[in-house]
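Listed below are the residues making up each chain.
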Amino acid sequence: MFSEENGGSFDFERWNVHRSAGRYGRLLIGILFGVTTRRIGVTVSLLVAFSGMVDVYSNMARASSMMPEVELPLTPFELTAPVLGLLLVFRTNTAYERFNAGSDAVWEVTSRFRSVFRQLIAYLSSPSVPHAEREAGVELIDAMCLFHGWLMTAYLRGEPGSAKQAALLRVALGMPPQRPGGG
């Protein structure tokens, strides 16, 4: 549902739709009328009908001693179990791949922040750096820590408080506050 659209990435609107409680109804409808159900629906329906007929016949055979007893073979059930297992594995693998891609992206961002921190600290530790520049560098590191924390939590979750944190970040970076008109 979300992996094929827009190059496979989430945006905030799609994430809000995905995390809403209404997704369970959509997913249930997707299970009942989805592509996979259409592909295996005929086979499963025939298997269910066959099982039902055997059950009805078995009940009639118990009531009447003149009818021979028939047992349902386990082979059809044994053949469908691996298919169901593969479907579950592929779904789990797809979810794991999406999680892995998101995790890799988060680690990439965090790694870049660490690299910038190390470079700034190495530069600022030189005795030739003036005191005012050293203080500005420390403030920049503090602002980057705030930005990283905001980026990895409120911004990615699209939380309502992220606008207030964005304003705090602008102040920490020495940028003018954003006007209500967007400028």
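One can find the structure itself at the top, above this paragraph.
Worth saying up front: this structure is predicted, and the values here are computed from it rather than measured.

About the thresholds
Residues numbered from 1 in each chain as written. Predicted model: local features only at pLDDT ≥ 70, side-chain atom pairs only at ≥ 80, totals over all residues. Heavy atoms only, no water. Patch = residues over 30% accessible without salt bridge, like charges linked within 9 Å, V, L, I, M, F, W, Y side chains within 5 Å. Areas by Shrake-Rupley, 256 points an atom, 1.4 Å probe, with all protein chains shown as cover. Salt bridge = Lys/Arg side-chain N within 4 Å of Asp/Glu carboxyl O. Helix = DSSP H or I, 4+ residues; strand = E, 2+ residues; numbered from the N terminus. Buried < 20%, exposed > 50% of the residue type's maximum accessible area, 1.4 Å probe, protein only. Phe/Tyr/Trp six-rings, centres within 6.5 Å; stacked < 30°, edge-to-face > 60°. Polar contact = N/O pair within 3.5 Å; in protein donor to acceptor, adjacent residues only side chain to side chain. Core = buried A, V, L, I, M, F, W, Y, C linked by side-chain atoms within 4.5 Å. Contact = heavy atoms within 4.5 Å.

A. Inspection of a nonpolar patch on the surface at higher detail. A cluster of nonpolar side chains, namely I40, V44, V48, V83, L84, L87 and L88, defines an oily patch on the protein surface of about 580 Å² accessible area. Of all the secondary structure elements, the ones that give two or more residues to the nonpolar patch are α3 (35-63) and α4 (75-124). The greatest single-element share of the nonpolar patch, amounting to 4 residues, is contributed by α4. Note on placement: I40 falls in helix α3.

B. Region of the structure containing the pattern of salt bridges. Under the definition given, this model contains 1 salt bridge. In this structure, the salt-bridge partner of E108 is R112, at a minimum N-O distance of 2.8 Å. One end of the pair is E108 and the other is R112, both in helix α4 and 4 residues apart, which spans about a single turn. E108 sits in the partly exposed class, given a relative accessible area of 39%.

C. Spotlight on the packing of aromatic side chains. Enumeration over the complete set of coordinates arrives at 2 aromatic pairs. With a centroid separation of 5.8 Å and 35° between ring planes, the pair formed by F113 and F147 is classed as tilted. Here F147 lies in helix α5 (residues 131-157) and F113 lies in helix α4, a separation of 34 residues in the sequence. Taken together, the ring pairs in this structure connect F113, F117 and F147 into an aromatic cluster.

D. Examining the environment of H131 more closely. Note on placement: H131 falls in helix α5. Within polar-contact distance, the side chain of H131 engages the side chain of E135 at 2.6 Å.

E. Spotlight on the nonpolar core. In this structure, F113, F117, L120, L124, V129, I141, M144 and L151 together form the largest nonpolar core, which totals 8 residues. When residues of this core are traced back to their parent elements, those giving at least two are α4 and α5. Examining the composition of this core, we find that 4 residues originate from one element, α4, more than from any other. Sequence-distant contacts of V129, that is, excluding residues within four places in its chain, are made with Y123, L124 and R134.

Remember, this is a structural readout, not a statement about activity or role.
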